[in-house]
Amino acid sequence: MIFLFGAPNLLWSAGRIKVVTTIQPLAFFVEQIGGPYVQVEAMIPPGANPHTYESTPGQMVKLSQAQMYVEIGTAFAFEKNWVPKLASLNKNMRIVNASDGISLIPMTEHHHDNDHHEQGEVDPHTWVSVGNAMMMARTIEKNLCELDPGHESVYQANAVNLLKQLGDLDKEIQQILAPLQQRAFYTYHPSWGYFAAEYHLDQVVIENQGKEPTARELQHVIEEAKAKGIKTIFVSPEFNSKSALVIAKEIGGQVVSIEHLNKDFLNNLRDAAKAIAGQ
Ligand SMILES: [Zn+2]
C-alpha cells in the first residue's frame with residue numbers, strides 16, 4: 001500500500017522547509033542535512049519502479065506547497081514527464097538537480113548483446129555511488145543554505161557530518177572488496193554502474209532493456225557465470241526477475257535482494273559490497 005501521499009498525509013506540518021525528492025535516497029540526504037528544519041517526502045514509494053512510475057493527482061497537493069524539489073536529473077522518464085509540469089504548477093519551488101557536477105557514464109552494455117547495444121545512453125542511476133552521494137550532499141547543502149540562510153551553520157555542520165560518514169563508508173567498502181580476485185557481479189537491473197566504476201568492479205546485466213532475457217540469452221548468462229565462477233546475483237523488488245532465480249539455481253549461486261532505491265543508503269551500499277565479496 002502507498003501511504004506517502006495518501007489521505008492521512010495530505011498536509012505538510014507548518015514551520016519547516018518543505019522538500020520533495022524523486023527517490024528515497026535523495027530524501028535521506030536532505031533529511032541528514034536539513035535536520036529538524038526540513039520536512040521531506042519522496043515521490044516514488046518504496047517498491048515502485050522509477051522508470052515507469054507516474055505520480056498521482058494527490059501528490060500534486062503537496063507539491064503545490066513545496067519549496068524545493070530534488071530531482072535525480074538524469075532523464076528518467078518519470079522526471080522528464082513530470083518535473084516541467086511541477087515547475088509550472090508551483091513557480092516558487094526551487095528545482096535542484098542532484099546530479100549537478102557529476103560525470104555521467106554510459107549504460108553498461110548488455111553483456112551478450114551484439115546487435116542492439118545501448119550505445120550513447122547515459123546510465124541514469126547516479127545516486128548508487130559513494131562519491132556521487134558526496135557531490136549530491138554538497139548540492140543539497142548549498143541549496144538549503146540559499147533557501148534558508150538563517151540555519152546555514154546547521155546545514156553546513158550536518159553536511160560535514162554526512163560527508164564524514166560517506167568517507168568512512170568508502171574506506172570500509174574498499175577494505176571489503178580489496179581481497180577480491182573475481183571482480184564481476186551479476187545484477188538483474190543495471191543500477192550499479194556507478195558503484196562498479198567507483199570500485200573497479202564489472203557489472204554484468206541480466207535484464208535486456210527492461211525485459212526478461214530470452215531462453216537463449218539466459219543460457220548464455222548461465223554458461224558465462226559458470227565459466228567465471230560467479231555466485232552472486234543482485235535483484236531488487238521493483239523488478240520482476242524470475243530469470244535471476246533460474247540462473248542462481250543453475251550455477252549453484254545465491255540471489256541477493258538489494259534495493260538500490262533503499263532509503264537506508266549507507267547500510268545498503270555496505271551490504272552490496274559484502275554480497276559481492278561473498279560475505
Ligand atoms: Zn533503473
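What you are looking at is a predicted structure, and each value in this text was computed from that prediction instead of being measured.

Some words on the sheet that holds strand S3 (residues 68-71)
Part 1 of the reasoning: In space, the 4 strands of this open sheet follow the order S2-S1-S3-S4, with parallel pairing throughout. Only two strands of the sheet have a single partner each, and these edge strands are strand S2 (38-42) and strand S4 (94-97). This sheet shows a mean twist of 20° between the axes of neighbouring strands, independent of strand direction.
Part 2 of the reasoning: As judged from the 3 bridges shared by strand S1 (residues 17-21) and S3, these two strands associate in the parallel manner. Paired with Val19 across the strands is Met68, a residue of S3.

With respect to the pattern of salt bridges
Part 1 of the reasoning: All chains considered together, the criterion is met by 7 salt bridges.
Part 2 of the reasoning: Note that Asp168 and Lys164 form a salt bridge whose closest N and O atoms lie 2.7 Å from each other. Taken together, the residues span about one helical turn, with Asp168 and Lys164 both in helix H5 (residues 152-177) at a distance of 4 residues.
Part 3 of the reasoning: In this structure Asp168 comes out as partly exposed when scored by relative accessible area, which is 36%.
Part 4 of the reasoning: On the basis of relative accessible area, Lys164 is assigned to the exposed category, the value being 51%.

Here's the deal with the environment of Ile23
Part 1 of the reasoning: Among the structural elements, Ile23 can be located in the loop between S1 and helix H1 (24-34).
Part 2 of the reasoning: Separated by 57 residues in sequence, Ile23 and Lys80 have C-alpha atoms that sit 14 Å apart.

Details of the sheet that holds strand S7 (residues 232-235)
Part 1 of the reasoning: With respect to topology, 4 strands assemble into an open sheet ordered S6-S5-S7-S8, the strand pairing being parallel. A strand with exactly one partner marks an edge of an open sheet, and here the two such strands are strand S6 (202-205) and strand S8 (254-257). Averaged over neighbouring strand pairs, the angle between their axes works out to 35° when direction is ignored.
Part 2 of the reasoning: Relative to S8, S7 runs parallel, the two sharing 4 bridges. Considered in S8, the bridge of Val235 is made with Ser257.
Part 3 of the reasoning: Along the sheet face, helix H9 (residues 265-276) touches strand S5 (184-187), S7 and S8 and points at about 150° away from the line of S7.

Some details on the domain arrangement of the chain
Part 1 of the reasoning: As far as domains go, the chain holds domain 1 (7-100 + 107-171) and domain 2 (179-276).
Part 2 of the reasoning: Taking the mean C-alpha position of each, domain 1 and domain 2 sit 25 Å from one another.
Part 3 of the reasoning: Taken together, the contact pairs 35 residues of domain 1 with 30 residues of domain 2.
Part 4 of the reasoning: Around 2,900 Å² of area is buried between domain 1 and domain 2 when both sides are counted, 62% of it from carbon and sulfur atoms.

Analysis parameters
Residues numbered from 1 in each chain as written. Predicted model: local features only at pLDDT ≥ 70, side-chain atom pairs only at ≥ 80, totals over all residues. Heavy atoms only, no water. Pairing = 2+ DSSP bridges. Helix = DSSP H or I, 4+ residues; strand = E, 2+ residues; numbered from the N terminus. Axes fitted to C-alpha atoms, helices over the stretch in contact; angles between N-to-C directions. Salt bridge = Lys/Arg side-chain N within 4 Å of Asp/Glu carboxyl O. Buried < 20%, exposed > 50% of the residue type's maximum accessible area, 1.4 Å probe, protein only. Contact = heavy atoms within 4.5 Å. Domains from an automatic or database assignment. Buried area = accessible area lost by both parts, 1.4 Å probe.

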